[in-house]
Amino acid sequence: MPVPDFSNPRPAYLQIADDLRQEVAAGRLKVGERLPARRQLAQRYSVAVETIRRALDELAREGVISTQSTRGTYVVKTPGEPEPSPDLQQLISDVRQLTERMKTLEARVKDLEGR
């Protein structure tokens, strides 16, 4: 059955969230993998980008995906997988921040070397 099924009373964004959740659970979308852009997903599901945004918001609230402002949206856990401990979550956040700082510093060094 195509997703979304417009004869289904459930909102399209929830049907799309279900479909993407199933793709992650089945391993077709893996942890660490980047999701297609919103426009691509909108074309795939034949819906407006706003509908995709709502579906992705639903998955983000569940902790299945995470959006990084300039990098895209990534699968961060399999549905039903237990949440990491607060200490591990903090460590992951710290490592991401350090990675971004390193990239900024690398860019600055390259810029200085180019002078």
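Only a predicted model underlies this, so the values are computations on that prediction, with no experimental measurement involved.

Here we take up the pattern of salt bridges. Per the counting criterion, the structure on display carries nine salt bridges. D19 is the salt-bridge partner of R44, the closest N and O atoms lying 3.7 Å from each other. Of this pair, R44 sits in helix α2 (residues 38-45) while D19 sits in helix α1 (residues 12-25), placing them 25 residues apart in sequence. On the basis of relative accessibility, which here comes to 19%, the residue D19 falls in the buried class. A salt bridge links D57 to R53, with the shortest nitrogen-to-oxygen separation between them at 2.3 Å.

Let us now look at the environment of Y45. By the secondary structure assignment, Y45 is in helix α2. Overall, the relative accessible area of 3% leaves Y45 in the buried class. Distance in space between the C-alpha atoms of Y45 and A12 is 9.4 Å, their sequence separation being 33 residues. In this structure the side chain of Y45 is engaged in a polar contact, spanning 3.3 Å, whose partner is the side chain of R44.

Ring pairs (aromatic) are described by centroid distance and by the angle formed between their planes. Inspection of the entire model under this criterion finds zero aromatic pairs. In this structure, R54 is placed above the aromatic ring of Y13, and the distance from its NZ or CZ to the ring centre is 4.0 Å.

A few words on the confidence of the model for the protein chain. A residue-level look at the protein chain finds 97% of positions with pLDDT of 70 or above and a mean pLDDT of 90. Averaged pLDDT values for the elements of the protein chain fall to 87 in helix α4 (residues 86-113) and rise to 97 in α2.

Looking now at unusual backbone geometry. In this structure, the amide linkage connecting V3 to the following residue, P4, adopts the cis form with an omega of -5°. You can see P4 is positioned in the segment before α1. Positioned with a positive phi, S46 is a non-glycine residue whose angle comes to about 55°. With respect to the helices and strands, the residue S46 is situated in the loop between α2 and α3 (49-62).

Definitions and cut-offs
- Residues numbered from 1 in each chain as written.
- Predicted model: local features only at pLDDT ≥ 70, side-chain atom pairs only at ≥ 80, totals over all residues.
- Heavy atoms only, no water.
- Salt bridge = Lys/Arg side-chain N within 4 Å of Asp/Glu carboxyl O.
- Helix = DSSP H or I, 4+ residues; strand = E, 2+ residues; numbered from the N terminus.
- Buried < 20%, exposed > 50% of the residue type's maximum accessible area, 1.4 Å probe, protein only.
- Polar contact = N/O pair within 3.5 Å; in protein donor to acceptor, adjacent residues only side chain to side chain.
- Phe/Tyr/Trp six-rings, centres within 6.5 Å; stacked < 30°, edge-to-face > 60°.
- Lys NZ or Arg CZ within 6 Å of the ring centre and 35° of its normal.
- pLDDT = per-residue confidence, 0-100.

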